[in-house]
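Structural description and commentary
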Amino acid sequence: QVQLVESGGGLVQAGGSLTLSCAASGSVFRTYTMGWYRQAPGKQRELVADISRGGNANYAESVKGRFTISRDNAKVTVFMQMSSLKPEDTAVYYCNAAIKRTISSGSLDYWGQGTQVTVSS
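None of the values given here were measured: they were computed from a predicted structure.

Next up on the list: the pattern of salt bridges. Taken as a whole and assessed by the stated rule, the structure comprises four salt bridges. For Lys64, the salt bridge identified is with Glu61, shortest N-O distance 2.7 Å. For Glu61, a relative accessible area of 62% gives the class exposed. Here Asp89 makes a salt bridge to Arg66, at a shortest N to O gap of 2.7 Å. Remark: Arg66 occurs in the loop between strand S6 (57–59) and strand S7 (67–72) and Asp89 occurs in the loop between strand S8 (77–82) and strand S9 (91–100); sequence separation between them is 23 residues.

Next comes the structure, spelled out in structure tokens:
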């Protein structure tokens, strides 16, 4: 079994910063692309940023220059530093990872439980 456990959400004023972390635990042979999605009330879940195993990062236009995604393959963890936060960044943030559980298994998508980020104006 694989679990993704997120931490680091909270309430912050506009212009402030937060760092999200997501660690994978359980039977993990290898992780591939890891990323963060978010879902605001009444809106669809959207990709915020993702990062390949080799470190190539991809960002939504709305967060470029403000958010930085990184990962530690040895610790099976992905991070996202968020700065210059805006009220429109308010959402539940979900960690996502493509994980191969054994050497012979295929890669499956896993999701974290979500962490709330609220940015007050």
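Read across the open sheet, the four strands follow the order S1-S3-S8-S7; overall the sheet is antiparallel. Looking at the sheet topology across the chains shown, the edges are occupied by strand S1 (2–7) and S7. Recorded for the sheet is a direction-independent mean angle of 15 degrees between the axes of neighbouring strands. In terms of strand pairing, strand S3 (residues 18–26) meets S8 through six bridges, oriented antiparallel. By the bridge assignment for S8, Thr19 is matched with Gln81.

Reading guide: rules and limits
Every chain is numbered on its own, with residues counted from 1 as its sequence reads. Totals for whole chains, interfaces and linings use all residues, but because this is a predicted model, local features are given only for residues with pLDDT of at least 70 and pairs of side-chain atoms are given and counted only at 80 or more. The side-chain quantities take in all heavy atoms of the structure and omit both hydrogens and water. Salt bridges, as used here, are contacts in which a Lys or Arg side-chain nitrogen is within 4 Å of a carboxyl oxygen on Asp or Glu. Think of it in three bands: residues with accessible area under 20% of the maximum for their type are buried, residues over 50% are exposed, and the middle band is partly exposed, with areas taken using a 1.4 Å probe on protein chains only. Labels follow the DSSP assignment, with helices taken as runs of H or I lasting at least four residues and strands as runs of E lasting at least two, numbered in each case from the N terminus. Strands are labelled as partners when DSSP assigns at least two bridges between them. The angle between two axes is taken between their N-to-C directions and runs from 0 to 180 degrees, where each axis is a line fitted to C-alpha atoms and a helix contributes only its stretch in contact.

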